[in-house]
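# What the coordinates show
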Amino acid sequence: MVDCVIIGAGIVGCCTAQMLAQYQARIVVLEAKSDVAEGTSKANSAIVHAGYDAKPHTKKALYNVRGNAMYEDLCARMDVHFQRNGSLVLCFDEADWYKLEELKQRGETNGVQGLQLLKRSELVAMEPYVSEKAVGALFAPTGAITCPYGLTEALAENACANGAQFYFDCPVQAIERTEHGFCVYAGGQRFETRSVVNAAGVHVDEIARMVGAETVDIQPRKGEYCIFDKTAGELVRYTLFQLPSAMGKGVLVTPTVDGNLMVGPNANDQDSKEDVATTGEGLAYILQTGGQSVQALPRQAIITSFAGLRAHSKKYDDFFIGEDAKIKGFFHAAGIESPGLTAAPAIAEDLSKAVADFLNCPLKEHPIRTRKGIARFNEMTEEEQDAAIAKNPLYAQIVCRCETVTEAEVVDAIHRTPGATTIDGVKRRTRCGMGRCQGGFCMPKVAAILERELQIAPELVTKKGGRSTLMVGPMKEDAPCVQ
C-alpha cells in the first residue's frame, strides 16, 4: 500500500510528485511511455507566459500568474535554464489597437505586473527585426522561456531523491475502488493506494471514467513547430506573439534557452490522441504566419520540425483541478493546455497540499529541495574543461559534434534516477542529436553507449521505447562497440 499514485509523468505529474515527496508520503508515479515528458511536456512552446491572455477569474488566469512568479526560484533550485526575456504581442493594424488595450486591461485584472503599450518607434528600438507592418505591441516584461522537458526531468529526479518511485512503460488498464482507497492495475502490476492524482494529459478523461469520476472530455489539439539553427537564434530577443484568437495564442517567434529560434504553433483539433506527425500544410502555415512577425524568417536555417498535442477541455475551456466531488481521494489535473507549462508549479502546489491534507501527512523535517543538473562541457571555461577531463577522461570524448556533448554527459544521463534508457531520453537530457545534423553523427555512438551502460543487446536499444528499435537480426561477432 502506498499513499498516492500519480498517473502521468509530464510537467504537472512530475511537479506534483516533487512537491508531494517533501511530505511524509509514499509516492508512485505511473507513466505509459518510456520516460518522463514524453507527451505534451516535450512538444510545446517552452514559454512561461505572463498571464494577460487568460480570462479573468478562471483557473487558467489564477495559476498562470502564480506559476509565473514561482518559476525563477524553481528553475534555480532544479538547476534548469530559465530566461526572463519578456514577450511582445504585435498589432498590425491601427484599427486593432483597442485589442491590445483590452489585453492590457485583462492582464492587469489578472495581476500581471509591468504591462506597457508600445508605439512603432518604441517597438523597433527593442526588436530591430520586427515586421515593418507592426504598428505597435503590448510588452509583458514578466514573460520568460525555459526548457520544458529539462524541468520535467529535474523535477522527477528531485522527487526520486525524496523517495518517490517511477514506473515506465506502465499504462493504466483499470482502477478499482477499495475499502482503503484504490487499486490501480498498470503495466501488468497491481498498486494499492490511498489516493490517486490523475495527470494523464490527453488521456485524463479515460482514467476518470475507470472509477466513475467526473469526466472532462478531452479534445486533442495538435500544434506544429519549426526549429531553426543557432545561426538564427539572435534574430529576435523577445517572444513575439500576434493578437490571439479563439483557438489559442497563435503562431509565435521566439528564442530558446539553448540558443535556437522556434516558430509555431498552429492549432488543429483532431480525433487521435497519438498522432503527432507534422504536415506540409501545417508547417507552411506556421512559417507564413510567423514570417509576418519578423522582416525575414531564415527558412534555410530550419533544422527540424515537430508536433505536440494539447489536452483541450470541451466542457470547461479551463483547467479542471482538485478532488473529485463524489470520489474522495481521487484528484484531477485535467484540461492542461496552454498556459499549462507556466501554471504547473502553482497547480502542483495546490494539488500536493490537498493530497497531503487528505492523507494527513506532515512535511518531512529535512526534504531535499535542490537538484544538480548534468555538467555541460560546452558551458565550461577552458580551465574547467581541463579539470573535468583530468577527473573523468570521458569528458575528452566528444559524442555530439554539433552541441559539443561528451561521453561523460551521456553516461551521467543514463545513470541518473530516473535516467535515460532510450536515444531520445539521452537527447533530451544532453542535447545529443539536437544540433544541425540532427543525430546523423552521434546517434550510433549514443546507441552503443546505451548498450554498454545498460548491459543490453544492441537490438534492444530503442529511439523512444516500445517498438522503435534501430536494429534487427544477428550482429557480427567482431562488430565494433564503444568501450
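Description of the structure in this document.

Attention shifts here to the packing of helix H2 (residues 59–78) against helix H5 (residues 148–161). Between H2 and H5, the least distance of the axes is 10 Å, while the angle of their chain directions is 65 degrees. The handedness of the crossing between H2 and H5 comes out as left-handed. Residues Tyr71, Leu74, Cys75 and Met78 of H2 form the contact with H5, whose participating residues are Leu151, Ala154, Leu155 and Asn158. When its residues are assigned to classes, the contact of H2 with H5 shows seven nonpolar, one polar and no charged.

This part covers the packing of helix H10 (residues 407–415) against helix H12 (residues 443–454). Between H10 and H12, the least distance of the axes is 10 Å, while the angle of their chain directions is 50 degrees. Classified by the angle between their axes, H10 and H12 sit oblique to one another. Relative to H12, H10 is oriented so that their crossing is right-handed. Contacts from Glu407, Val410, Val411, Ile414 and His415 of H10 reach H12 at Ile449, Leu450, Arg452, Glu453 and Leu454. Residues of the contact of H10 with H12, tallied by class, amount to six nonpolar, one polar and three charged.

Pairing is antiparallel across the open sheet formed by three strands, whose spatial order is S3-S8-S4. What marks the edges here is a single partner per strand, and that holds for strand S3 (47–48) and strand S4 (82–83). Pairing of S3 with strand S8 (residues 144–146), which is carried by two bridges, proceeds in the antiparallel orientation. Bridge pairing in S8 places Ile47 opposite Ile145.

The element strand S5 (residues 87–91) is extensively covered by neighbouring structure, given that five of its five residues are classed as buried. With burial as the criterion, each face of S5 is covered, one bearing Ser87, Val89 and Cys91 and the other bearing Leu88 and Leu90. Relative to strand S7 (residues 136–140), S5 is paired through five bridges, and the arrangement is antiparallel. The partner of Ser87 across the bridge, within S7, is Ala140. Looking at chain direction, S5 and strand S14 (residues 239–242) are connected through four bridges and run parallel. In the sheet register, Leu90 faces S14, and the bridge partner there is Gln242.

Rules used in this analysis
Residues numbered from 1 in each chain as written. Predicted model: local features only at pLDDT ≥ 70, side-chain atom pairs only at ≥ 80, totals over all residues. Heavy atoms only, no water. Axes fitted to C-alpha atoms, helices over the stretch in contact; angles between N-to-C directions. Helix = DSSP H or I, 4+ residues; strand = E, 2+ residues; numbered from the N terminus. Left-handed = near helix turned anticlockwise from the far one by under 90°. Contact = heavy atoms within 4.5 Å. Nonpolar A, V, L, I, M, F, W, Y, C, P; charged D, E, K, R; others polar. Parallel < 35°, antiparallel > 145°, perpendicular 65-115°, else oblique. Pairing = 2+ DSSP bridges. Buried < 20%, exposed > 50% of the residue type's maximum accessible area, 1.4 Å probe, protein only.

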